[in-house]
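Here is how the chains run, residue by residue.
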Amino acid sequence: MVAETTPDELRERLADDDPLAVVDIRDPSSFASGHIPGSENLPAATLGPEVFDREWPDEVVVSCYVGKSSKRVASVLDENVEADVSSLHGGFEAWDGEVEQGTEESEADLGPSAPF
């Protein structure tokens, strides 16, 4: 079972400036409408095995719409990367912290397949 991080815990970790990746697996339009500051949009439908070869910080928090899909993706990541991976409890819907808008292009080519 994958660990869960509450929105309050995530807010504290982001404030600590520790190496942390927040991966938002929602579709690009939803991400552009609002996302957790500093998060990276890696839509679940585009994730391929190449994502396992990326450089990951010590901690990764996966966020989706309501905290269900992120559990599945976090579980697969946790099994395949050297990082502490968790799912954001309640997803972006539960996030009540600061929100950024717009998109940031990812430099990684993650491939068309979706093993998650």
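Residues numbered from 1 in each chain as written. Predicted model: local features only at pLDDT ≥ 70, side-chain atom pairs only at ≥ 80, totals over all residues. Heavy atoms only, no water.

A. Representation of the side chain of His 35 in the model. Looking at the secondary structure, you find His 35 in the loop between helix H2 (28-33) and strand E3 (40-41). Using a relative accessible area of 4% as the deciding quantity, one classes His 35 as buried. At 2.7 Å, the side chain of His 35 forms a polar contact with the backbone oxygen of Phe 31. In this view, His 35 contacts Asp 24, Arg 26, Phe 92, Glu 98, Val 99, Glu 100, Gln 101 and Gly 102; residues no more than four positions away in its chain are not counted. (Helix = DSSP H or I, 4+ residues; strand = E, 2+ residues; numbered from the N terminus. Buried < 20%, exposed > 50% of the residue type's maximum accessible area, 1.4 Å probe, protein only. Polar contact = N/O pair within 3.5 Å; in protein donor to acceptor, adjacent residues only side chain to side chain. Contact = heavy atoms within 4.5 Å.)

B. Representation of the packing of aromatic side chains. One pass over the structure, following the stated rule, counts zero aromatic pairs. Lying across the ring of Trp 56, Arg 54 places its NZ or CZ 4.9 Å from the centre. (Phe/Tyr/Trp six-rings, centres within 6.5 Å; stacked < 30°, edge-to-face > 60°. Lys NZ or Arg CZ within 6 Å of the ring centre and 35° of its normal.)

C. Looking closely at the pairing of strand E5 (residues 84-88). Most of E5 is tucked away: four of the five residues are buried. Where strand E1 (residues 3-5) and E5 come together, three bridges link them in parallel fashion. Within the sheet, the bridge partner assigned to Ala 3 lies in E5 and is Ser 86. As paired strands, strand E4 (residues 59-63) and E5 are joined by four bridges and run parallel to one another. If you follow Val 62 over to E5, its bridge partner there is Ser 87. Handedness of the E4-helix H3 (residues 69-80)-E5 crossover: right-handed. (Pairing = 2+ DSSP bridges. Right-handed = clockwise from strand over helix to strand, strands pointing away.)

D. Main features of the side chain of Ser 39. Note on placement: Ser 39 falls in the loop between H2 and E3. Owing to a relative accessible area of 10%, Ser 39 belongs among the buried residues under this scheme. Polar side-chain contacts of Ser 39 include one of 2.7 Å to the backbone oxygen of Ile 36.

E. How the structure looks around the pattern of salt bridges. Evaluation of the coordinates by the stated rule reveals six salt bridges. When the shortest N-O distance is used, the salt bridge between Glu 4 and Lys 71 registers 3.8 Å. Within this pair, whereas Glu 4 is found in strand E1, its partner Lys 71 is found in helix H3, the two being separated by 67 residues in sequence. Where Glu 59 meets Arg 13, a salt bridge forms, and the shortest distance between an N and an O atom there is 3.2 Å. Here Glu 59, found in strand E4, pairs with Arg 13, found in helix H1 (residues 7-15); they are 46 residues apart in sequence, far enough to count as distant. (Salt bridge = Lys/Arg side-chain N within 4 Å of Asp/Glu carboxyl O.)

F. Molecular detail of the sheet that holds E3. The five strands are arranged E1-E5-E4-E2-E3 in an open sheet whose pairing can be described as parallel. Pairing within the sheet leaves two strands with one partner each, and these edge strands are E1 and E3. Contacting E1, E4 and E5, H3 crosses the sheet at an angle of about 180° to E5. (Axes fitted to C-alpha atoms, helices over the stretch in contact; angles between N-to-C directions.)

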